[in-house]
Amino acid sequence: MTMTCELNKINIDLTLEFLDIKGDVPENIKTLINHYEPLLRDKITPRYVYKTFPFKQFSGIQINAPLQGNDIKAHLKDCKQIVLLAATLGLPADEFIRMTEAADMAGAVVLDALASAAVEQTLDIAEREIKKKYTKITTRYSPGYGDFPLTVQQKLLAILGAKRKIGLYANESDLLIPRKSVTAVIGIIT
């Protein structure tokens, strides 16, 4: 399933978490958030893609690579199916952050936090859609958590056809391009 979604508002509380701001928000940060939030929303195209597979298929020898590590296996121990998920804001988010860094470093930091919140909201939208189909699911678990290595990114993206479907790929260091993107695995408990 491939979807494009629209964010009417980027979650400011989540943005503040990414900025590690607790309690009173400094006026200059409020001003930067209010300035950059609508500008970012106008530039991004949040998209996601996901596929559901029987868990056995990923335990098999031919495509075991996506589930390397004991932590992901423990996370999925009671699952009969898994969902591979990828989400991105698109390259314009990365370009906007880079351009802003040259002129307004404080603004770029706030913009980066806003974009992180926006990609998390995109994942939340995808997860709600998945939960409508499968009511009992695990939390999202992404490469880079625990001993679930980033090296699985290439395989996950290939299985999803993410480059063709949503313009998302991993570079030779297994970092996602566009940068404001996430891959994850969700278990379906039946």
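Computed from a predicted structure; not experimentally measured.

What counts and how
Residues numbered from 1 in each chain as written. Predicted model: local features only at pLDDT ≥ 70, side-chain atom pairs only at ≥ 80, totals over all residues. Heavy atoms only, no water. Salt bridge = Lys/Arg side-chain N within 4 Å of Asp/Glu carboxyl O. Buried < 20%, exposed > 50% of the residue type's maximum accessible area, 1.4 Å probe, protein only. Helix = DSSP H or I, 4+ residues; strand = E, 2+ residues; numbered from the N terminus. Pairing = 2+ DSSP bridges. Axes fitted to C-alpha atoms, helices over the stretch in contact; angles between N-to-C directions. Contact = heavy atoms within 4.5 Å. pLDDT = per-residue confidence, 0-100. Parallel < 35°, antiparallel > 145°, perpendicular 65-115°, else oblique. Left-handed = near helix turned anticlockwise from the far one by under 90°. Nonpolar A, V, L, I, M, F, W, Y, C, P; charged D, E, K, R; others polar.

**A closer look at the pattern of salt bridges**
Charged atoms that come close allow side chains of opposite charge to pair.
Here's step 1: Applying the stated criterion to the full structure yields ten salt bridges.
Here's step 2: For K22, the salt bridge goes to D20, with nearest N and O atoms at 2.6 Å. Accessibility assignment for this pair places K22 and D20 in one class, exposed.
Here's step 3: Among the ionic pairs, R179 bridges to D112, the shortest N-O distance being 2.6 Å. In this pair, R179 is assigned in the loop between β5 (176-177) and β6 (181-188) and D112 in helix α6 (residues 105-133), connecting sequence segments 67 residues apart.
Here's step 4: Each of E120, D124, E127 and R140 takes part in one network of salt bridges that share partners.

**Concerning the sheet that holds strand β2 (residues 47-54)**
Here's step 1: Sheet architecture is open: four strands sit in the order β1-β2-β3-β6, paired in antiparallel fashion. Among the strands making up the open sheet, the edge pair consists of β1 (2-4) and β6. Pairs of neighbouring strands in the sheet enclose a mean axial angle of 20°, with direction left out of account.
Here's step 2: Where β2 meets strand β3 (residues 81-88), eight bridges bridge the pair, whose relative direction is antiparallel. From the neighbouring strand, P54 faces β3, where its bridge partner is Q81.
Here's step 3: Along the sheet face, α6 touches β1, β2, β3 and β6 and points at about 40° away from the line of β2.
Here's step 4: Running over the sheet, helix α7 (residues 153-160) touches β2, β3 and β6 and is turned about 95° from β3.

**Examining the confidence of the model for the chain**
Here's step 1: Per-residue confidence for the chain averages 91 on the pLDDT scale, and 94% of its residues sit at or above 70.
Here's step 2: Here residues 60-64 is a poorly scored stretch, pLDDT under 50, and it has five contacts once near neighbours within four places are set aside; other chains count.

**A short note on the pairing of β2**
Along a regular strand, successive side chains alternate from one face of the sheet to the other.
Here's step 1: Both β1 and β2 contribute to a ladder of three bridges, which runs antiparallel. By the bridge assignment, M3 is partnered in β2 with Y48.

**Notes on the packing of helix α5 (residues 91-103) against α6**
Here's step 1: Where α5 contacts α6, the two axes come as close as 6 Å, and the packing angle between them is 160°. Here α5 is positioned roughly antiparallel relative to α6, judged by the angle of their axes. You can see that α5 and α6 cross each other, and the crossing is left-handed. Across the interface between the two elements, F96, I97, T100, E101 and A103 of α5 pack against M105, G107, A108, L111, D112 and A115 of α6.
Here's step 2: Of the residues contributing to the contact of α5 with α6, the split by class is seven nonpolar, two polar and two charged.

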